[in-house]
Amino acid sequence: MAAHHVYEATCTAPVNIAVVKYWGKRSTSLILPTNSSLSVTLSQDHLRSLTTARCMVDGQGTDRLWLNGEEEEIKAGGRTARCLEEMRAMRQEVEAKNASLPKLSSYPVHIASENNFPTAAGLASSASGLSALIATLSTLYDLPSNGVSTSSLSRIARQGSGSACRSMFGGYVAWEMGAREDGSDSVAVEVAPKEHWPDMHALILVVSDAKKGTPSTAGMQRTVATSALLQHRIEHVVPARMERMSAAIQARDFDAFAKETMADSNQFHAVCLDTEPPIFYMNDVSRAIIQLVTELNRVSLEKEGRLVAAYTYDAGPNAVLYVQEKDVKSVLEVVLRYFPQSTTSFPDPFQTQADPSTALPEGFNARVIPVHSEGSVSRIIHTQVGDGPRVLGQEESLLGEDGMPKQLKR
Ligand SMILES: *[C@@H]1O[C@H](CO)[C@@H](O)[C@H](O)[C@H]1NC(C)=O
Ligand SMILES: *[C@@H]1O[C@H](CO)[C@@H](O)[C@H](O)[C@H]1NC(C)=O
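Quantities reported herein were computed from a predicted structural model and do not represent experimental measurements.

Rules and cut-offs
- Residues numbered from 1 in each chain as written.
- Chains lettered and ligands numbered in written order.
- Predicted model: local features only at pLDDT ≥ 70, side-chain atom pairs only at ≥ 80, totals over all residues.
- Heavy atoms only, no water.
- Buried < 20%, exposed > 50% of the residue type's maximum accessible area, 1.4 Å probe, protein only.
- Helix = DSSP H or I, 4+ residues; strand = E, 2+ residues; numbered from the N terminus.
- Arc of directions from axis to C-beta.
- Contact = heavy atoms within 4.5 Å.
- Phe/Tyr/Trp six-rings, centres within 6.5 Å; stacked < 30°, edge-to-face > 60°.
- Near = heavy atom within 4 Å.
- Polar contact = N/O pair within 3.5 Å; in protein donor to acceptor, adjacent residues only side chain to side chain.
- Areas by Shrake-Rupley, 256 points an atom, 1.4 Å probe, with all protein chains shown as cover.
- Domains from an automatic or database assignment.
- Buried area = accessible area lost by both parts, 1.4 Å probe.
- Salt bridge = Lys/Arg side-chain N within 4 Å of Asp/Glu carboxyl O.

(A) Local environment of helix α4 (residues 216-226). All of the buried residues in α4 are Gly219, Met220 and Thr223. Angular distribution of buried residues about the axis of α4 spans 95 degrees; they occupy a single face of the element. Residues of α4 that are exposed and angled more than 90 degrees away from the buried face: Thr217 and Ala225. Looking at the buried positions of α4, the neighbouring elements they touch are β3 (25-27), α5 (228-250) and α6 (254-273).

Here is the structure:
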């Protein structure tokens, strides 16, 4: 075994959906945000990126990367190259302190990665992908047991894809903007673990699987350059909202959480509209979902004095609804009535058994939006708050014995 030890690691990492949005960089090269942001990590049982990395100990070759079975060039100076460089430097430090450790930092690596959801569908695939890359390399290089903290790993994930740093933790996560120019204090921190508020569920209403129009990287810098509303947002809105959101999570106060979440999503899309030229991520179906949730909340507020759902939209038309477990069934019944699904488009892993023919809540305005045709919401993903990156066993490896992907496209 010692003669031909295989140095390999396989990890998964989760998707996170921000409730205080990240939009705008103060440094594009280091990916430093104009403000802090906050997200909820979703369960890897349903959405995840899976990555295997192996040191090619016999290889004279170079680093290679396969995404969903297709080889991608690792561009010099690109985000993957930069992450690899930083991770190797950390490994080198560990090796320098202990001469008996294998010199893993000197070998080229093969990396294979897969998402179990469509890339660029407005679900933050780059966040889970980059987070899986960092988690896998840190496991390969044995960094956590050599004193490297998750927050310092999140600093590297951040340089790969800003919001990836938040996928390094489970539960409720803040990305602190930091103050230093080198970005060393712009890291993710846990606000609360998932166990703190485990009955938080998420319903992802997939509005369109098509590739999105404006890539978020280009869009956000146009906003920074042209939107006066963004300046108002970062100076006067986000700092106080971060405080209120953290407090709402600490207190498990769903009403406050929902109020802030919806207001922040609305303002994020308002700054997009305030950009020159304007950026649109939501479409008519996205807006109809907002109207539906607003009506549900109005009725519930009147009857029970509380909110039942919070919508939020990222840089795409998909809606994410945060709902507490006790309300999932009744919210789903209304959603399914207006956006019909089949068992293929909505294979509810929780078997909620929501019946769309259930009578609407008393006082609910049935004509708030029209009943949409099947396919308007192409599918619904039901998930919940989840944990941080997971280390898997070798049987889950994406690489074969020869270090090449087991499944290659074409
Ligand atoms: C957000 O950015 C503004 C402007 O740079 C700054 O004044 C504020 O302190 C920041 N705060 C947080 C919490 O993000
Ligand atoms: C150095 O690494 C070896 C091999 O992993 C380990 O057994 C040993 O405890 C380490 N020594 C120190 C001082 O950490």
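(B) The arrangement of the packing of aromatic side chains in detail. In the structure shown here, the tally under the stated rule is ten aromatic pairs. Ring plane angle 65 degrees and centroid distance 4.9 Å describe the contact between tryptophan 23 and phenylalanine 268, whose orientation is recorded as edge-to-face. Separated by 245 residues along the polypeptide, tryptophan 23 in the loop between β2 (16-20) and β3 and phenylalanine 268 in helix α6 bring together distant segments of the chain. Since its relative accessible area comes to 2%, phenylalanine 268 is described here as buried. Geometrically, the ring pair formed by phenylalanine 254 and phenylalanine 257 is tilted, given 6.1 Å between the ring centres and 35 degrees between the ring planes. Remark: phenylalanine 257 and phenylalanine 254 occur in helix α6; sequence separation between them is three residues, near one turn of the helix. There is no split in this pair, since phenylalanine 254 and phenylalanine 257 are both buried. Aromatic rings pair up to connect Tyr172, Trp197, Phe254, Phe257 and Tyr322 into one cluster.

(C) Region of interest: the site of ligand 2. Residues in close proximity to ligand 2 include Asn98, Ser100 and Leu101, which together make up its full environment. Here an oxygen atom of ligand 2 and a side-chain polar atom of asparagine 98 are 2.4 Å apart. Against a free-state accessible area of 370 Å², the protein chains account for coverage of 26% of ligand 2.

(D) Spotlight on unusual backbone geometry. Geometrically, the link from glutamate 276 to proline 277 is a cis peptide bond, its omega value of -10 degrees lying close to zero. Here proline 277 shows up in the loop between α6 and α7 (284-304). Its identity as a non-glycine residue notwithstanding, asparagine 68 has a phi of 50 degrees, on the positive side. Locating asparagine 68 in the fold gives a position in the loop between β7 (64-67) and β8 (70-72). Judged by its relative accessible area of 30%, asparagine 68 falls in the partly exposed class. Even without being a glycine, glutamine 351 presents a positive backbone phi close to 45 degrees. Inspection of the secondary structure assignment puts glutamine 351 in the loop between α8 (325-338) and β15 (379-384). A residue is classified by how much of its surface remains accessible, and glutamine 351, at 63% relative accessible area, is exposed.

(E) Representation of the domain arrangement of the chain in the model. Taken domain by domain, the chain holds domain 1 (8-196 + 390-396) and domain 2 (200-384). The distance between the C-alpha centroids of domain 1 and domain 2 comes to 27 Å. Taken together, both faces of the contact between domain 1 and domain 2 bury some 3400 Å²; the carbon and sulfur share is 66%. Our enumeration of links across domain 1 and domain 2 arrives at one salt bridge. A salt bridge links lysine 21 to aspartate 314, with the nearest nitrogen and oxygen atoms 2.5 Å apart. The interface formed by domain 1 and domain 2 includes 14 residue pairs in polar contact (both at pLDDT 80 or more). At the level of elements, β2, β5 (37-41), β10 (172-175) and β11 (188-192) are the ones that each hand at least two residues to the side of domain 1 that touches domain 2.

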